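Next come the chains, spelled out residue by residue.
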Amino acid sequence: MHPCCLFAASAVSSFVLVAQSAHAQTQPTTPAQPPMFATTKVEGTDNVYVFRYQNHQSMFVVTPAGVIVTDPISYGRPQAATTYIDEIRKITQAPIRYLIYSHHHYDHIAGGKPFKEAGAVIIAHKRAKERLEALQGLDVVIPDEAVDEKRTIELGGTALQLHYTGRNHSDSSLVMLLPKERIIFAVDFNSLGAVPSRLAVNDSYPVEWEVSLKRTLALDWERQIPGHPAPGGRLGTRQDMEQQLAFMTDLSAEVKKASEGGKCFSPADTELKLPQYSQLQNYEQNLSWNVHRWCGYWGRGI
Ligand SMILES: [Zn+2]
């Protein structure tokens, strides 16, 4: 037998063995992978849902007059958008009236075409519209309408407020607030119980981010749907956002001192610690990225 086929044959037989042994086990040793996608009604609401596809999430609101959808979350996987629509259609046949982008990053907003074809009006912050017009990204639909500081969408008895609370993780983030439910959908600028990731801080706006968190906390809400699932699928709380603000305030003060001592970027990026936050998720792996970004701000003015 040709070596390739020998390998294939042995791979098949070991697969069968693995499959049999897995079948025989009553207690699997590794946790099952979560399903590719899931749609969940938010507890305590009549019509607010979270659509998760792999590691991204999007909120949608169902009313008798139509559906308000948010991020298509289909970057590099157009099937996520069509799955999203299929999931909505299991709940309602009402028309999809609006598609609202949380900010301009493709991993959240690529894949709007099927929603546009279904008749949705696409809305984003004005800076998101400007950026997307300049970028002309593949599979990214340019918003039809732009929001500056605030807009309220009224549909079928539901109000959804769109608030711009300033530059944070991006310069185009909208906070979507359901005032009756006191729920916000806010993406990538509040890391629930975690130190922000490299991608969260990469092109972010230090100090202004703190102001944006304060402005978001000044809104009347109690639960946050995040753009990436938190452990156990939990929603965010005001305490999460207050903790993120405290972390950033202390990070900024410490990095400013380090910068004034001539320690930016190095050795601050490896030496600077914030032990009072060491209980946060990903503290060890992400802290240096945060120090690096804030060093850029305080040390170089960028
Ligand atoms: Zn983002």
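See the structure printed just above.
Residues numbered from 1 in each chain as written. Predicted model: local features only at pLDDT ≥ 70, side-chain atom pairs only at ≥ 80, totals over all residues. Heavy atoms only, no water.

### Re helix α2 (residues 79-89)
Then comes step 1: Turning to α2, its buried residues number three or more, namely Ala80, Ala81, Thr83, Tyr84, Ile85, Glu87 and Ile88.
Then comes step 2: For α2, the secondary structure elements touched by its buried residues are β1 (37-41), β2 (48-53), β3 (56-63), β4 (66-69), β5 (96-100) and α4 (113-117). (Buried < 20%, exposed > 50% of the residue type's maximum accessible area, 1.4 Å probe, protein only. Helix = DSSP H or I, 4+ residues; strand = E, 2+ residues; numbered from the N terminus. Contact = heavy atoms within 4.5 Å.)

### Some details on the sheet that holds strand β9 (residues 158-164)
Then comes step 1: Strand order in the open sheet formed by six strands is β8-β9-β10-β11-β12-β13, and the pairing between neighbours is mixed. In this open sheet, the two edge strands, each paired with only one partner strand, are β8 (150-155) and β13 (236-237).
Then comes step 2: Pairing of β8 with β9, which is carried by six bridges, proceeds in the antiparallel orientation. Bridging from a neighbouring strand, Lys150 pairs with His163 of β9. (Pairing = 2+ DSSP bridges.)

### Re the packing of aromatic side chains
Then comes step 1: Enumeration over the complete set of coordinates arrives at 11 aromatic pairs.
Then comes step 2: Ring centres of Phe37 and Tyr53 lie 6.1 Å apart, and the angle between their planes is 5°; this geometry places the pair in the stacked category. Linking Phe37 in strand β1 with Tyr53 in strand β2, this pair joins segments that are 16 residues apart in sequence.
Then comes step 3: Aromatic side chains Trp209 and Trp294 sit 6.2 Å apart centroid to centroid with 35° between the ring planes, which places their arrangement in the tilted category. On the criterion of sequence distance, the pair formed by Trp209 in helix α7 (residues 208-217) and Trp294 in helix α10 (residues 283-300) is long-range, its members being 85 residues apart.
Then comes step 4: Accessibility expressed as a relative area gives 0% for Trp209, which makes it buried.
Then comes step 5: By way of ring pairs, the aromatic residues Phe37, Tyr49, Phe51, Tyr53, Phe60, Tyr84 and Phe115 are connected into one cluster. (Phe/Tyr/Trp six-rings, centres within 6.5 Å; stacked < 30°, edge-to-face > 60°.)

### Structural notes on the state of the cysteines
Two cysteines whose sulfur atoms are joined by a covalent bond form what is called a disulfide.
Then comes step 1: In this structure the tally under the stated criterion is one disulfide.
Then comes step 2: A sulfur-sulfur distance of 2.0 Å marks the disulfide that ties Cys264 to Cys295. Because the sign of the S-S torsion sets the handedness, a value of about -75° for the bond joining Cys264 and Cys295 places this disulfide among the left-handed ones. Highlighted residues: Cys264 in the loop between α8 (238-260) and α9 (268-271) and Cys295 in helix α10, separated in sequence by 31 residues.
Then comes step 3: Classification of Cys295 as buried rests on a relative accessible area of 0%. (Disulfide = S-S within 2.5 Å.)

### Quick look at the pattern of salt bridges
Then comes step 1: Tallying each qualifying case throughout the model produces 17 salt bridges.
Then comes step 2: Of the charged contacts, one joins Glu133 and Lys129 as a salt bridge, the two residues approaching to 3.0 Å between their closest N and O atoms. A residue pair is termed a helical-turn pair when its members lie 3 or 4 positions apart in one helix, as Glu133 and Lys129 do in helix α5 (residues 126-135) at four residues.
Then comes step 3: For Glu133, a relative accessible area of 37% translates into the label partly exposed.
Then comes step 4: Close ionic contact of Arg182 with Glu222 constitutes a salt bridge, the shortest N to O distance being 3.3 Å. With Arg182 in the loop between β10 (174-178) and β11 (183-185) and Glu222 in the loop between α7 and β12 (223-225), this residue pair connects regions lying 40 residues apart in the sequence. (Salt bridge = Lys/Arg side-chain N within 4 Å of Asp/Glu carboxyl O.)

### A short note on unusual backbone geometry
Then comes step 1: Cis geometry marks the peptide bond from Cys264 to Phe265, where omega comes out at 0°.
Then comes step 2: Along the chain, the position of Phe265 falls in the loop between α8 and α9.
Then comes step 3: Put simply, Ser266 and Pro267 share a cis peptide bond, and its omega is 5°.
Then comes step 4: Here Pro267 lies in the loop between α8 and α9.
Then comes step 5: Positive phi values are uncommon outside glycine, yet Asp188 reaches one of about 70°.

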